[in-house]
Amino acid sequence: MNVDGRAYRSIWIDPNDDLVRVIDQTKLPFRFEIKTLDSASKTADAIHDMVVRGAPLIGATAACGLFLAAKTDPSDNFLNNAYQELLNSRPTAVNLRWALDRIVPDLLTTSEDKRKGLARTLAQQICDEDIKTNSAIGDHGLGLIRDIAIKNNLKIVNILTHCNAGWLATVDWGTALAPIFKAHDSAIKVHVWVDETRPRNQGASLTAWELNAHGVPHTVISDNAGGHLMQKGVVDLCIVGSDRTTRGGDVCNKIGTYLKALAAHDNQLPFYAALPSSTIDWTITDGVGQIPIEERAEEEVTHIWGLDEHGDTRKIRLVSQESHAANPAFDVTPRRLITGIITERGVVAAEESDLLKTFPEFIDTPTL
Ligand code: MRU
């Protein structure tokens, strides 16, 4: 996507020095800064500290981290340690494990002198594929938005989204936002209700920034406003992303997604999750019981970052010194609340049979 007229990906291996460069998402929307990653450990830190975030981008970043590891030291021992350090950087998005498992077995069965080159090729492949996959999700979601506009005779389609599942959360295009970008580009009038997404405000700081840069009309709302807007008839559909979806179609996504799905269900509104197949954990069937939910620092809830009246970024405390906070970062929306899953191969019912019909290569994946 373009930033000030220049095309960017959220991550790339710079051909000039073979280092990894990312857009530093902790600085947006106020500053656009590029950060250089030069080792697997720094890559794991960047994932943990959310310099990069969003399930597909976490996977792509881990892949690039393995390339940096193979550059530093291609031995089995070093690569295995890098694998473990990257895997431990965040627990919920399954794309992380998916990317690492796609690369490490191939590296370990290749001679040491060829590992750096192979790791670079495979990391680049994951990044390039991610763009194609998300573009396909965008095409399928575009069809859906067009159908809803025609069926309901809408002049403007009002779409609610939660967190940031835009191009910054992937290598490019995004998942939930890809259909929205494509609808806007094909002259379907869309307006997006952007949940601010406390505590880290990915909606307010990243989704709104992306939509603004692309010229998509949008309005930021507090997380509590969605149900009210649905009751008032100004939401036509919801599209969210996912960090891990079970083979049965339970969708784990940013905390607060479940409440939006409940409100959408109560108002008979379509609620879609847009996700690549790399986000489906084919080994599990029970989202609430089996998906590890990341607990992040309580400071993310007790404090907030923003720009003060002098244009300086500042962190301020919201909660009294005596109170503690809990910060579960994700929740699970059971499949019964999901209208459909927008994948790179089409829109699929949130059911094991339909998901496996669409991705038959995973039928034999053993479940835990
Ligand atoms: O904690 P984050 O910002 O990494 O959470 C991101 C989300 O929950 C996204 O909705 C999800 O990763 C899908 S991104 C295409």
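Our structure's up above, just so we're on the same page.
Each chain has its residues counted from 1, running along the sequence as written. pLDDT decides what is reported in this predicted model: residues at 70 or higher carry local features, side-chain atom pairs at 80 or more are listed and counted, and totals for whole chains, interfaces and linings draw on all residues regardless. Only hydrogens and water are set aside when side-chain values are computed; all heavy atoms of the structure are taken into account.

A. Structural detail: the layout of surface pockets. Estimated volume of the largest pocket: approximately 750 Å³. Lining of the largest pocket is provided by 26 residues; of these, Q25, T26, L28, R200 and W305 occupy positions nearest its centre. Contributions of two or more residues to the lining of the largest pocket are made by α7 (202–214), α11 (299–302), β14 (303–307) and β15 (313–317). Polar here means any residue other than Ala, Val, Leu, Ile, Met, Phe, Trp, Tyr, Cys and Pro, which are nonpolar, and Asp, Glu, Lys and Arg, which are charged; Gly is therefore polar. A breakdown of the residues in the lining of the largest pocket according to their chemical character gives 10 nonpolar, 8 polar and 8 charged. Mapping the lining of the largest pocket onto the domain boundaries places at least three of its residues in each of domain 1 (2–129) and domain 2 (140–362). In this analysis the probe radius is 1.4 Å and the grid spacing 1 Å, with only protein atoms considered; a cavity is a set of points the probe fits into but cannot get out of, a pocket is an open set with protein on both sides within 12 Å along at least five of seven lines, and lining residues have an atom within 4 Å of a point. Grid points are joined across faces, edges and corners, and a volume is the space filled by probe spheres set on the points. Estimated volume of the second largest pocket: approximately 450 Å³. Around the second largest pocket, the lining comprises 25 residues; the ones closest to its centre are W98, S277, S278, I280 and F362. Helix numbers and strand numbers start at the N terminus; a helix is a DSSP run of H or I with at least 4 residues, a strand a run of E with at least 2. Secondary-structure elements contributing two or more residues to the lining of the second largest pocket are α2 (55–72), α4 (95–108), α5 (112–151) and β13 (280–281). Domain start and stop positions are those given by an automatic or database domain assignment. Both of domain 1 (2–129) and domain 2 (140–362) provide at least three residues apiece to the lining of the second largest pocket.

B. Fine view of the site of the ligand. Residue proximity to a molecule or strand is established when one non-hydrogen atom of the residue lies within 4 Å of it. In the neighbourhood of the ligand, 19 residues make up the surrounding shell, with R53, R90, D243, N253 and K254 lying closest. Pairs of N or O atoms are called polar contacts if they sit within 3.5 Å, as long as, within protein, a hydrogen donor faces a hydrogen acceptor (for residues adjacent in sequence, only side-chain-to-side-chain pairs). Side-chain polar atom of R53 to an oxygen atom of the ligand: 2.8 Å apart, as the coordinates give it. A distance of 2.8 Å separates an oxygen atom of the ligand from a polar side-chain atom of D243. Computed on the free molecule, the ligand has an accessible area of 410 Å², of which 100% lies beneath the protein chains in the complex. In a pocket analysis with a 2 Å cut-off to the grid points, the ligand is assigned to the largest cavity. For the shell around the ligand, the secondary structure elements donating two or more residues are α2 and β11 (251–254). Each residue belonging to the shell around the ligand can be placed in one class, and the counts come to 7 nonpolar, 8 polar and 4 charged. For the shell around the ligand, the domains that each give at least three residues are domain 1 (2–129) and domain 2 (140–362). Surface accessibility in these figures is a Shrake-Rupley result with a 1.4 Å probe; residues are shielded only by whichever protein chains are displayed. Should more than half of a molecule's atoms lie within 2 Å of a pocket's or cavity's grid points, that molecule is taken to sit in it.

C. The environment of P366, seen in detail. Relative to the elements of secondary structure, P366 occurs in the segment after α12 (352–358). Buried residues are those whose accessible area, probed at 1.4 Å on protein chains only, stays under 20% of the maximum for their type, while exposed residues exceed 50% and partly exposed ones sit between those limits. What makes P366 exposed here is its relative accessible area of 62%. With 83 residues separating them along the chain, P366 and T283 place their C-alpha atoms 5.9 Å apart. In what follows, residue pairs with any heavy atoms lying within 4.5 Å of each other are defined as contacts. If sequence neighbours within four positions are ignored, P366 has contacts with W282 and T283.

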